[in-house]
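A look at the structure
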There are 2 protein chains.
Amino acid sequence: MFETAELGRTLSKKEYDAQEPLLRTQLLEVQEDLKQASFPVIIIIGGVDGAGKSETINLLHEWMDARYLQTHAFGPPTDEERERPQAWRFWRVLPPRGRIGIFFGSWYTRPIIDCVYGVTEIADLDSALAQINAFEKTLTDDGALIIKFWFHLSKQAQQKRLRGLVKNSSTRWRVTKTDWKHFKLYDKFRGVSERALRTTSTGTSPWIIIEGTDERYRSITVGNHILNLISKRLAENNATRIAIAAPPRAQEDPYTLLDTLDLSESLTDAKYKKLLEKYQGRLNLLSREAKERRRSAILLFEGWDAAGKGGIIRRATAAMDARDYQVIPIAAPTDEERAHHYLWRFWRHIPRAGRVTIFDRTWYGRVLVERVEGFATESEWQRAYSEIVDFEQQLREHGILLLKFWVHIDMDEQLRRFEARQLTPYKHYKITPEDLRNREKWHDYELAANEMLARTWTEFAPWHLIEANDKKFARIKALKIICAGFEENLQNLRAPARD
Amino acid sequence: MFETAELGRTLSKKEYDAQEPLLRTQLLEVQEDLKQASFPVIIIIGGVDGAGKSETINLLHEWMDARYLQTHAFGPPTDEERERPQAWRFWRVLPPRGRIGIFFGSWYTRPIIDCVYGVTEIADLDSALAQINAFEKTLTDDGALIIKFWFHLSKQAQQKRLRGLVKNSSTRWRVTKTDWKHFKLYDKFRGVSERALRTTSTGTSPWIIIEGTDERYRSITVGNHILNLISKRLAENNATRIAIAAPPRAQEDPYTLLDTLDLSESLTDAKYKKLLEKYQGRLNLLSREAKERRRSAILLFEGWDAAGKGGIIRRATAAMDARDYQVIPIAAPTDEERAHHYLWRFWRHIPRAGRVTIFDRTWYGRVLVERVEGFATESEWQRAYSEIVDFEQQLREHGILLLKFWVHIDMDEQLRRFEARQLTPYKHYKITPEDLRNREKWHDYELAANEMLARTWTEFAPWHLIEANDKKFARIKALKIICAGFEENLQNLRAPARD
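Being a predicted model, the structure only gives us computed values, none of them experimental.

Turning next to the overall build of chain A. The secondary structure content of chain A amounts to 20 helices and 10 strands. C-alpha atoms of chain A, sized along the principal axes, occupy 85 × 50 × 40 Å. Expressed as a percentage of the 499 residues in chain A, the buried residues total 35%. When contacts within chain A are restricted to residue pairs at least 6 apart in sequence, long-range pairs at least 24 apart make up 83% of them.

Residues and elements named next belong to chain B. If you trace the 5 strands from one edge of the open sheet to the other, you get S7-S8-S6-S9-S10, paired in parallel fashion. Of all strands in the sheet, those with a lone pairing partner are strand S7 (325-329) and strand S10 (463-467), marking the two edges. Along the sheet, successive strands turn relative to each other by an average axial angle of 20°, direction set aside. Strand direction decides the pairing type here: strand S9 (residues 401-408) and S10, joined by 5 bridges, are parallel. From the neighbouring strand, Phe405 faces S10, where its bridge partner is His464.

Rotating chain B by 180° and moving it 0.0 Å along the rotation axis overlays it on chain A with an RMSD of 0.1 Å. As the rotation angle and translation indicate, the two copies are arranged about a two-fold axis. A high fraction, 100%, of the interface residues of chain B reappear at the interface in chain A, so the copies pair face to face through one surface.

Residues and elements named next belong to chain B. Within strand S6 (residues 297-303), 7 of the 7 residues are buried, which leaves it mostly tucked inside the rest of the structure. On S6, burial covers both faces: Ala297, Leu299, Phe301 and Gly303 on one face and Ile298, Leu300 and Glu302 on the other are all buried. Inspection of the sheet shows S6 paired to strand S8 (residues 356-360) by 5 bridges, in the parallel sense. Opposite Leu299, over in S8, you have Ile358 as the bridge partner.

Facing the 36 residues of chain B at the interface are 36 residues of chain A. Those elements giving two or more residues to the side of chain B that touches chain A turn out to be helix H1 (13-35), helix H2 (53-63), strand S2 (69-73), helix H3 (79-82), helix H12 (309-317), S7 and helix H13 (335-338) of chain B. In terms of residue count, the dominant contributor to the side of chain B that touches chain A is H2(B) (5 residues). When its residues are assigned to classes, the side of chain B that touches chain A shows 13 nonpolar, 10 polar and 13 charged.

This part is about the packing of helix H12 (residues 309-317) of chain A against helix H20 (residues 471-491) of chain A. All names here are of chain A. Interaxial distance between H12 and H20 falls to 9 Å at its minimum, and their mutual angle equals 50°. As the angle between them shows, H12 and H20 are arranged oblique. Crossing hand, H12 versus H20: right-handed. In this structure, H12 contributes Gly311, Ile312, Arg315 and Ala316 to the contact, and H20 contributes Lys471, Ala474, Arg475, Ala478, Leu479 and Ile482.

Here we take up the sheet that holds strand S3 (residues 100-104) of chain A. Residues and elements named next belong to chain A. With respect to topology, 5 strands assemble into an open sheet ordered S2-S3-S1-S4-S5, the strand pairing being parallel. In this open sheet, the two edge strands, each paired with only one partner strand, are strand S2 (69-73) and strand S5 (207-211). Across this sheet, the average inter-strand angle for adjacent strands is 20°, counted without regard to direction. The pairing of strand S1 (residues 41-47) with S3 spans 5 bridges and is parallel. Bridge pairing in S3 links Ile42 to Gly101. Along the sheet face, helix H2 (residues 53-63) touches S1, S2, S3 and strand S4 (145-152) and points at about 165° away from the line of S3.

We now examine the domain arrangement of chain A. All names here are of chain A. Per the domain assignment, the segments of chain A are domain 1 (3-238) and domain 2 (257-491). Computed from C-alpha coordinates alone, the two centres of domain 1 and domain 2 are separated by 40 Å. On the side of domain 2, 15 residues touch domain 1, which itself brings 15 residues to the contact. Tallying contributions element by element places helix H6 (residues 122-141) first for the side of domain 1 that touches domain 2, with 4 residues. Split into classes, the residues belonging to the side of domain 1 that touches domain 2 amount to 8 nonpolar, 1 polar and 6 charged.

Attention shifts here to the packing of helix H5 (residues 109-116) of chain A against helix H9 (residues 186-200) of chain A. Residues and elements named next belong to chain A. H9 packs onto H5 with a crossing angle of 140° between their chain directions and a minimal axis gap of 9 Å. Taken together, the axes of H5 and H9 are oblique relative to one another. Relative to H9, H5 is oriented so that their crossing is right-handed. Here Ile112, Cys115 and Val116 of H5 come into contact with H9, specifically with Lys188, Phe189, Val192, Ser193 and Ala196. In terms of residue class, the contact of H5 with H9 is made up of 6 nonpolar, 1 polar and 1 charged.

All names here are of chain A. Even without being glycine, Arg361 reaches a positive phi, approximately 75°. Topologically, Arg361 is positioned in the loop between strand S8 (356-360) and helix H15 (369-372). Judged by local crowding, Arg361 falls into the partly exposed class, with 17 C-beta atoms found within 10 Å.

Moving on, we come to the confidence of the model for chain A. Of all residues in chain A, 94% have pLDDT values of 70 or greater, and the mean over the chain is 89. Here the prediction assigns the complex a pTM of 0.84, and the interface score ipTM is 0.80.

Residue and element names in this part refer to chain B. Structurally, Ala144 is set in the loop between helix H6 (122-141) and strand S4 (145-152). You can call Ala144 buried: it has 22 C-beta atoms within 10 Å. Apart from the residues lying within four places of it in its own chain, the contact partners of Ala144 are Phe39, Pro40, Ile42 and Leu139.

All names here are of chain A. Its 15 residues place the ends of H9 21 Å apart at the C-alpha level, agreeing with the 21 Å of an ideal helix rising 1.5 Å per residue. Every buried residue of H9 is listed here: Phe189, Val192, Ser193, Ala196 and Leu197. Along H9, the residues classed as buried sweep out an arc of 135° about the axis, all on the same side. Summarising the geometry of H9, the exposed residues directed more than 90 degrees from the buried face are Asp187 and Arg198. Where H9 is buried, its residues touch H5, H6, S4, helix H8 (177-184) and S5.

Before going further, it helps to examine the environment of B:Thr140. Residues and elements named next belong to chain B. By the element assignment, Thr140 lies in helix H6. For the pair formed by Thr140 and Thr256, sequence separation is 116 residues and the distance between their alpha carbons is 33 Å. Those residues within four positions of Thr140 in sequence are excluded, and the remaining contacts are Ile146, Thr204 and Ser205.

So, how was this worked out
- Residues numbered from 1 in each chain as written.
- Chains lettered and ligands numbered in written order.
- Predicted model: local features only at pLDDT ≥ 70, side-chain atom pairs only at ≥ 80, totals over all residues.
- Helix = DSSP H or I, 4+ residues; strand = E, 2+ residues; numbered from the N terminus.
- Buried ≥ 20, exposed ≤ 12 C-beta atoms within 10 Å, placed from the backbone.
- Contact = placed C-beta atoms within 7 Å.
- Pairing = 2+ DSSP bridges.
- Axes fitted to C-alpha atoms, helices over the stretch in contact; angles between N-to-C directions.
- Least-squares fit on C-alpha atoms with pLDDT ≥ 70 in both.
- Nonpolar A, V, L, I, M, F, W, Y, C, P; charged D, E, K, R; others polar.
- Parallel < 35°, antiparallel > 145°, perpendicular 65-115°, else oblique.
- Left-handed = near helix turned anticlockwise from the far one by under 90°.
- Domains from an automatic or database assignment.
- pLDDT = per-residue confidence, 0-100.
- Expected span 1.5 Å × (residues − 1).
- Arc of directions from axis to C-beta.

Below, the structure written as structure tokens:
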């Protein structure tokens, strides 16, 4: 794989001087066009030490408009980053649509280095690479252009180069002990890197291997690749979009999982009061213990309008300390949120260690309201299932408790509640004409909910269905599940809480 | 001061039960109205340990809609917080307009505790309190409603309460060693707190002292205060706004500071090339040293359109490592930025330790374009001068290098550049009809710039005026100043870099 990047390619000063001015002009122009475009550009710079990675990045900043270009270098994670899943530090700095982000060191660095140093096995590497593929697919499916450069040097060339840098007093600082340590592991590094590149050279975001020996050659080559790939994408986006055929859909099953729920379940006032006290008391102790042991939790609530999500949330938060949780209501995204992948706005709210985030409506909006109302295209919501499962898997692998609730009522009960709300002074604002319109689409929502349950019900993040025609029954059932979830997550010390 | 909160006020269960349901309804209603309002509500909860602070916060979450209420508790700062000025951790979580943020522990905690424990002197406390007053004024001037509660207990009552909590196994966990340590310092704490409250009880955000002994009394009292203060503010905002009389203005001085600049200054190509190499080399070394020594820098550029700000920035960044700086172009704010104080969007970009942020246009837009174009009211831009000086002082006190540049050309030179841009293919996008319109307001901008220079030129953050009719001269002068600034900031180890 790397053999093609050991050919000793060079570019003469004359050729460079002839090409450089035009390339700069074109890069600036393409960057200007990009500002109006609806996709972000992510440039990943990886490769062998001393092969000109940082020089190239600096040159790109010189050539392009640095105001719309942001380079992120990833050193050791900060404590705020360590407290979240690994991908969080990358999600928080992903460029918005129309901008370019350069990632120096990226999601590839740690899996490769860990494997080279023997911290992890090849199987761990493969598993990490599969996760990377899923992550990049999530971004490219959303339109992101990912350009991946791997800077290569032969073993001999690298040694020569490192020695050269050390000789010159103005460049010596750039060669660290780590560089020499890496060099000693050259062959292992080469093997592991090749495996990584092979596995992650997908059709949509293949690796481009850059021969790093000649500065002029690599600079012009990288610049041209960036220019061509962005130009090509801009041209595609301007061309009439061909509708992507949606994947074939299974026939709708008229009998659904939600139909199996017994909505007549109920509790007497006396029993409710007693159980409420019991489970709130238990949750209070459990949430304090989780705080101390730095175990985070995410509780998420989906369900029909007026199903009583808010009421359940209030009973749960009443048992917790207001300093330790936040409730995030999901409504229309802000413009910063709209300029990113739809999951970005949820990554923003991943709790710190020991804290709880409660989502009142969630990322499942993509496959519920956005699907039914046509805000997302069929291919968008179809692929959302696996994006969501991936996302939730990352949360669970970080040791975060994730509890997903579907709060269920039937159509008659919803109508009763809408009518009651109109009579309650401080609740009447909760009824909008939209709520009534949504009732007409009950069946569509039901189908969407059933498909959602089927496709996102995983072993590590199952759904909890709450029969909620009786509010009291619903609250107690949910509280009981929350308590059991906290208990299990605290007991299960085998859960890999990486940092 | 606290004597009035040692009267043994109580509320009977009967009275409480009579008042509570209505209060809750009204709080929900007022919260609903607030969502549409153009101001945020900041509730600060401070006071004696064991006086019911956390119970009250939890109760407020129970009473109100927790989805639009966010409580922030401030423990030890994270490393990301330590690397910025102290106020950064508060700015990053200020509620947007229409929302309520509860601050449990706040900008008061550290100055008071440090003084009680003898870490700092009374003079330091006074200085911190003056800064707090300026900070709160900045927020209230922008419309924020700040409600400050101080929960008080007499010494005797506190002792009794702590003992009571310890006796009960379900509350014992809440009494920590720190609580007893604080208790031993009760008298000192009382004295220091009184001084703090007295100094910061301003007309716009006075402290409300709450007698903490009786739970029912303090709950209803706090709830009523919140209800009344938000209602009152909502009513005021709905009433016809009375125009606030602008402060009297000094007569305009036709002879301005900018007139004193010698715009004929220039450099030959040869000299430019030589000096550019010299200062870029120096800046490269200096910025590396600053990175190592974790000294941050903020460079900001204001000046006429086409004055060459971008060109200077490019010459500076060419000497730095792209991993260590970011260039922030200031254009229209995003809607999240618009929902906060205008300084919030700049606080977001305060660099981490050792990094550099370069602003291409800045917070000075408030007193330049927003003033001239009428986007800010006279009282808004008038008070911006001191808000900005305060902000910059905080940056400097944290040891951040702050260099402010005004890049100056005359009207003829600007026209020449506009015309030249229209002929350069990759620059023509830089000319908009707005640019030409702005030329008509040259004189207004000149006056605004001169007043800005006069009022924000401080000892700790002076302006640097760059004669820029000759681009080469301008770039070298700016680079020289940047080098000198880095040098001075590195040498000056006495600069108080607090953490």
